[in-house]
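Here are the chains, one letter per residue:
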Amino acid sequence: MKIKQTQEAVLKAFREEIPSIYFSDKTPEEFNQYKVNMHFFYRDLMKFPTEIFQGKKLLDFGAGTGENTIYLENWGAECTLVEMNPDAHEIQKEVFKKYSINFEKNTFINDSIYNFEQEGAFDIVHSRGVFAHTNDPDLAFKKLSNNLKENGYLIYGDGNKSGNFQNMLQRIAIFNYAQDWDKMVDVAEILFKEDLDRSQKFINRTRRSIIFDKWVVPRLTNPSVKEVLKWFKDNNLKFYNCYPNIIPNFIGDSLHHRPLLNILEMENLTLIPEAFWLIQNKMDNDVLPNSYIGVEDFGDSLNKMTSLVDDINLNDELNLDEMINISETYVSKLSNIDLLNDLKTRTKTFHDELVSFVSCLQSKDVNDLKQLISSFKQLFRGSQGNRHIDFIGYK
């Protein structure tokens with residue numbers, strides 16, 4: 001019963017403001033650019049070549065307006081779109097009529113993911129940005145997995161609990177000063193105009209649809225990476241890849257090591273990336289140099305030490321004292337590196353601002369909070385956390 005009540009509440013909100021439309025009401029150039037972006041996402045970031053979709057039967061749970069499914073059809077998939085919002089359901093059919101390669105090979109179903117039953121029928125199952133709005137995401141993931149064939153791929157994307165921490169604080173602030181939808185929209189504009197401006201810059205949506213997606217919708221829950229990996233284990237799925245990456249970049253087993261790394265058995269490795277996602281407010285190009293201060297110094301000594309023995313031969317002489325001295329320099333330089341120092345410094349500022357934010361919520365005047373937020377350096381700045389992560393699993 002609670003699942004049905006949650007569905008009805010979410011549906012009511014999304015029928016008031018249909019889930020975000022990215023390109024179907026815009027120009028063909030915007031659609032083509034969106035396809036280019038998603039091709040880069042799958043091939044270069046997820047390491048999942050788009051050729052894999054060719055000739056595959058694909059199920060999209062919570063397909064919305066179909067704008068995150070149509071490019072998969074363009075890459076050769078025969079798509080079944082399941083969507084409970086009748087308004088979005090009608091839009092997706094128009095999107096496919098306009099952009100699909102072979103419209104007749106696709107199926108459109110206006111229903112809940114909990115009611116759909118075609119176990120083991122699909123080569124690829126896909127759901128992005130949906131489970132956060134369901135009452136039972138564990139069951140929804142199980143349904144997704146059950147519809148997948150052996151040797152098939154599961155593509156799942158949604159919010160991350162840490163990455164959405166700031167978004168949840170924004171919801172608290174909005175709910176603190178507003179009880180009805182129109183007032184929520186007004187308060188969101190007062191407090192978080194910068195965030196709305198940024199969202200519109202990256203994806204040309206209406207401000208009202210952004211506000212409904214992020215804050216107004218009555219159900220918005222996000223799993224940690226650890227919880228998602230448990231879903232993989234519980235449903236006998238292997239971890240294939242994800243973006244952003246959750247595996248530290250210093251792993252280095254060769255093909256011949258046994259046992260090979262299984263991220264499903266080392267889930268605590270994911271906690272450091274989530275700490276970064278919690279406070280992320282800048283582009284990686286700006287953040288990474290601050291984490292790697294001093295690396296060039298130890299890199300020189302590392303190169304000297306390894307070059308000393310590179311291509312060494314039978315009659316070559318090795319200066320052992322020189323090797324020891326270079327090694328000591330390398331160790332000394334390396335000890336000065338703290339890859340988490342920037343994270344620690346920024347998180348301390350984040351914490352201090354969080355304390356003042358929570359205290360200010362007691363004020364009756366929304367403009368008091370607006371003035372406080374304008375003084376922040378970390379909290380509610382820039383991207384305000386890395387809110388979304390995509391996973392690919394293998395059955």
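Residues numbered from 1 in each chain as written. Predicted model: local features only at pLDDT ≥ 70, side-chain atom pairs only at ≥ 80, totals over all residues. Heavy atoms only, no water.

(A) Layout of the overall build of the chain. Within the chain, the regular secondary structure consists of 16 helices and seven strands. Dimensions of the chain, computed from C-alpha atoms along their principal axes, come out at roughly 80 × 55 × 40 Å. For the chain, the proportion of its 395 residues judged to be buried stands at 47%. In the chain, the share of contacts with a sequence separation of at least 24, taken over all contacts with a separation of at least 6, comes to 76%. Approximately 20,500 Å² of the chain is accessible, and the part contributed by carbon and sulfur atoms is 52%. (Helix = DSSP H or I, 4+ residues; strand = E, 2+ residues; numbered from the N terminus. Buried < 20%, exposed > 50% of the residue type's maximum accessible area, 1.4 Å probe, protein only. Contact = heavy atoms within 4.5 Å. Areas by Shrake-Rupley, 256 points an atom, 1.4 Å probe, with all protein chains shown as cover.)

(B) Inspection of unusual backbone geometry at higher detail. Along the chain, Y243 connects to P244 via a cis peptide bond; the corresponding omega equals -5 degrees. Mapped onto the elements, P244 comes out in the loop between β6 (238-243) and α11 (271-279). Here Q384, not a glycine, exhibits a phi torsion of approximately 55 degrees, which is positive. By the secondary structure assignment, Q384 is in the loop between α16 (366-374) and β7 (388-394).

(C) Structural view of the packing of aromatic side chains. With the rule as written, the count across this model stands at 38 aromatic pairs. Ring geometry for Y156 and W231: centres 5.8 Å apart, planes at 75 degrees, overall edge-to-face. Of the two residues, Y156 sits in strand β5 (residues 148-159) while W231 sits in helix α10 (residues 225-234), which places them 75 residues apart along the sequence. Ring geometry for F192 against F380: centres 5.3 Å apart, planes inclined by 65 degrees, an arrangement best described as edge-to-face. With F192 in the loop between α7 (181-191) and α8 (193-202) and F380 in the loop between α16 and β7, the pair connects residues that are 188 residues apart, well separated along the chain. Comparing F192 with F380 shows no difference in burial state: the two are buried. (Phe/Tyr/Trp six-rings, centres within 6.5 Å; stacked < 30°, edge-to-face > 60°.)

(D) Representation of the pattern of salt bridges within the structure. The final tally for this structure, using the stated rule, is 26 salt bridges. Through salt bridges that share partners, E16, E17, D182 and R208 make up one connected network. (Salt bridge = Lys/Arg side-chain N within 4 Å of Asp/Glu carboxyl O.)

(E) Focus on helix α6 (residues 165-177). Under the 1.5 Å per step criterion, the end-to-end length of α6 is 19 Å for 13 residues, consistent within 8% with the ideal 18 Å. Along α6, the residues classified as buried are Q166, N167, L169, Q170, R171, A173, I174 and Y177. Its buried side turned inward, α6 meets α7, α8, α9 (207-216), α11, α15 (341-360) and α16. (Expected span 1.5 Å × (residues − 1).)

(F) How the structure looks around a negative patch on the surface. Negative charge collects at one region of the surface, where D310, D311, D316 and E317 lie side by side. Take D310: it is sitting in the loop between α13 (295-307) and α14 (320-335). You can call D310 exposed: its relative accessible area is 60%. (Patch = residues over 30% accessible without salt bridge, like charges linked within 9 Å, V, L, I, M, F, W, Y side chains within 5 Å. Lys, Arg positive; Asp, Glu negative; His and termini not counted. Charge placed at Lys NZ, Arg CZ, Asp CG, Glu CD.)

(G) Spatial organisation of the pairing of β7. With five of its seven residues buried, β7 lies for the most part within the structure. Sheet analysis places β5 next to β7, joined by seven bridges and oriented antiparallel. When the bridges of β7 are listed, D158 appears paired with I389. In this sheet, β7 lies alongside β6 in antiparallel orientation, the contact comprising five bridges. Opposite Y243, over in β7, you have D390 as the bridge partner. (Pairing = 2+ DSSP bridges.)

(H) Main features of the sheet that holds strand β2 (residues 78-82). One open sheet holds the seven strands; their spatial order is β3-β2-β1-β4-β5-β7-β6, and the pairing between them is mixed. Looking at strand neighbours, the two that pair on one side only are β3 (107-109) and β6, the edges of this open sheet. The sheet shows a mean angle of 15 degrees between the axes of neighbouring strands, taken without regard to direction. Of the strand pairs in this sheet, strand β1 (residues 57-61) and strand β4 (residues 122-128) are connected by three bridges, and their pairing is parallel. The residue bridging D60 from the neighbouring strand is H126, located in β4. Packing of helix α2 (residues 28-45) onto the sheet brings it into contact with β4, β5, β6 and β7, and relative to β4 it is tilted by some 115 degrees. Lying over the sheet, helix α4 (residues 86-99) contacts β2 and β3, oriented at roughly 170 degrees with respect to β3. (Axes fitted to C-alpha atoms, helices over the stretch in contact; angles between N-to-C directions.)

(I) Focus on the packing of α13 against α14. With their axes 8 Å apart at the nearest point, α13 and α14 run at an angle of 155 degrees to one another. Comparing their axes, α14 and α13 come out roughly antiparallel. In this structure, α13 meets α14 at a crossing whose hand is left-handed. Contacts between α13 and α14 involve D297, F298, S301, L302, K304 and M305 from the former and M323, I326, S327, T329, Y330, K333 and L334 from the latter. (Parallel < 35°, antiparallel > 145°, perpendicular 65-115°, else oblique. Left-handed = near helix turned anticlockwise from the far one by under 90°.)

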